[in-house]
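For reference, the chains in residue letters:
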Amino acid sequence: MSLIYQKTLSKKINLAGVGLHSGKKSNLSILPAEEDQGIIFKRVDINKNNLIKASFENVSSAKLCTTLENRYGVKVSTVEHLLAALYIAEIDNAIIEIDNEEVPIMDGSSKDYLKLLKQIGIVDQSKKRKYLKISDHIELVEGKRKISIEPNNSSLEVNFQLDYTNKIIGKQKNTVDFQKDNLKDVSSSRTFCLFEDIEKIKKLGLAKGGSLENAV
């Protein structure tokens, strides 16, 4: 992956799909943006205060999906697959127009988004990229779950491990270097849940648009 200069799309992309949790159809457009704008969601179904910057500071919920919310309470949810595709495609600046609260789930992965982004091409911009630098080891433990982050001078490297009592999933682990590895397995990884959890999720008012076409 290129590490120096910012990039954006060469032209506008249009697509549509169903929200995994809302079950509602959303129309979405991804447009080129100026340098240093970052990734910005624009709720075109709302007339004012409708811009939401894709920033960790705007994450308001991570319950079965990632929700971003601006200071006026305007939200956009299930953004993680689209943002992953933009990261893998090396796009720093884009405006994402959407006419609903939830981003289309597509096939449950980033694959369809990434395919469209690669088809239209990427434009190099003149300004250099900006980075967050991790300076210390940080760790969060909740029961048997743990997540940590620590400095790495050469790349973004993710070491991930699952430990399920379910015999099919079982124990799995993988390490991915986002600067050096082929990211095909990452971009095609799909949303999944256990069969016994489906009713629990639906009782929470979620997964209204879920099916075997967009989840495992």
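In the block above lies the structure referred to throughout.
Worth saying up front: this structure is predicted, and the values here are computed from it rather than measured.

Caption draft 1: Expanded view of the overall build of the protein chain. Check the secondary structure of the protein chain and you find four helices and 14 strands. For 216 residues, the compact-globule estimate of 2.2 N^0.38 gives 17 Å, and the protein chain sits close to it at 18 Å. For the protein chain, the C-alpha atoms occupy an extent of roughly 50 × 40 × 35 Å along the three principal directions. A burial count over the protein chain gives 35% of its 216 residues as buried. Sequence-distant contacts in the protein chain: of pairs separated by 6 or more residues, those separated by 24 or more amount to 63%. Across the protein chain, the centroid of the 33 positively charged side chains sits 2 Å from that of the 29 negatively charged ones.

Caption draft 2: A nonpolar patch on the surface, seen in detail. A contiguous nonpolar patch, built from Leu3, Ile4, Tyr5 and Tyr131 and spanning about 420 Å² of accessible area, is present on the exposed surface. The residue Leu3 is located in the segment before strand E1 (5–9) in this model. On the basis of relative accessible area, Leu3 is assigned to the partly exposed category, the value being 40%.

Caption draft 3: Quick peek at the side chain of Asp107. Inspection of the secondary structure assignment puts Asp107 in the loop between strand E9 (94–98) and helix H2 (111–120). Only 2.7 Å separates the side chain of Asp107 from the side chain of Ser109, close enough to count as a polar contact.

Caption draft 4: Representation of the sheet that holds strand E5 (residues 51–53) within the structure. If you trace the five strands from one edge of the open sheet to the other, you get E2-E3-E9-E4-E5, paired in mixed fashion. The open sheet is flanked by strand E2 (13–18) and E5, the only strands paired with a single partner. Recorded for the sheet is a direction-independent mean angle of 25 degrees between the axes of neighbouring strands. Relative to E9, strand E4 (residues 39–43) is paired through five bridges, and the arrangement is parallel. Across the sheet, the residue bridging to Arg43 is Ile98, located in E9. The sheet strands contacting helix H1 (residues 80–88) are strand E3 (25–32), E4 and E9, and the helix crosses E4 at an angle near 145 degrees. Contacting E2 and E3, H2 crosses the sheet at an angle of about 170 degrees to E2.

Caption draft 5: Spatial organisation of the environment of Ile105. Looking at the secondary structure, you find Ile105 in the loop between E9 and H2. With a relative accessible area of 2%, Ile105 lands in the buried category. Taking the C-alpha atoms as reference, Ile105 lies 7.8 Å from His81; in sequence the two are 24 residues apart.

Caption draft 6: Inspection of the packing of aromatic side chains at higher detail. Tallied over the full model, the rule gives one aromatic pair. Between the aromatic rings of Tyr87 and Phe178, the centroid separation amounts to 6.0 Å while the plane-to-plane angle is 65 degrees, which identifies the pairing as edge-to-face. Here the residue Tyr87 occupies a position in helix H1, and Phe178 occupies one in the loop between strand E14 (171–177) and helix H3 (184–187), the gap between them amounting to 91 residues. The class for Tyr87 is partly exposed, based on a relative accessible area of 35%.

Caption draft 7: Seen up close, the sheet that holds strand E8 (residues 75–77). Strand order in this open sheet of three strands is E6-E7-E8, and the pairing throughout is antiparallel. The strands lining the two open edges of the sheet, one partner per strand, are strand E6 (59–61) and E8. On average, each strand axis in the sheet is tilted by 35 degrees relative to the strand beside it, whichever way the strands run. Pairing of E6 with strand E7 (residues 67–69), which is carried by two bridges, proceeds in the antiparallel orientation. Looking across to E7, one finds that Val59 is bridged to Leu68.

Caption draft 8: Main features of the side chain of Glu102. Along the polypeptide, Glu102 turns up in the loop between E9 and H2. Buried within the structure, Glu102 lacks any salt-bridge partner; its nearest side chain of opposite charge belongs to Lys24, at an N-O separation of 8.7 Å. Among the polar contacts listed, one links the side chain of Glu102 to the side chain of Thr78, at a separation of 2.6 Å. Beyond its immediate stretch of four places on either side in the chain, Glu102 contacts Gly19, Leu20, His21, Ser22, Gly23, Ser26, Ser77 and Thr78.

Conventions we followed
Residues numbered from 1 in each chain as written. Predicted model: local features only at pLDDT ≥ 70, side-chain atom pairs only at ≥ 80, totals over all residues. Heavy atoms only, no water. Helix = DSSP H or I, 4+ residues; strand = E, 2+ residues; numbered from the N terminus. Rg over C-alpha atoms; globule rule 2.2 N^0.38 Å. Buried < 20%, exposed > 50% of the residue type's maximum accessible area, 1.4 Å probe, protein only. Contact = heavy atoms within 4.5 Å. Lys, Arg positive; Asp, Glu negative; His and termini not counted. Charge placed at Lys NZ, Arg CZ, Asp CG, Glu CD. Patch = residues over 30% accessible without salt bridge, like charges linked within 9 Å, V, L, I, M, F, W, Y side chains within 5 Å. Areas by Shrake-Rupley, 256 points an atom, 1.4 Å probe, with all protein chains shown as cover. Salt bridge = Lys/Arg side-chain N within 4 Å of Asp/Glu carboxyl O. Polar contact = N/O pair within 3.5 Å; in protein donor to acceptor, adjacent residues only side chain to side chain. Pairing = 2+ DSSP bridges. Axes fitted to C-alpha atoms, helices over the stretch in contact; angles between N-to-C directions. Phe/Tyr/Trp six-rings, centres within 6.5 Å; stacked < 30°, edge-to-face > 60°.

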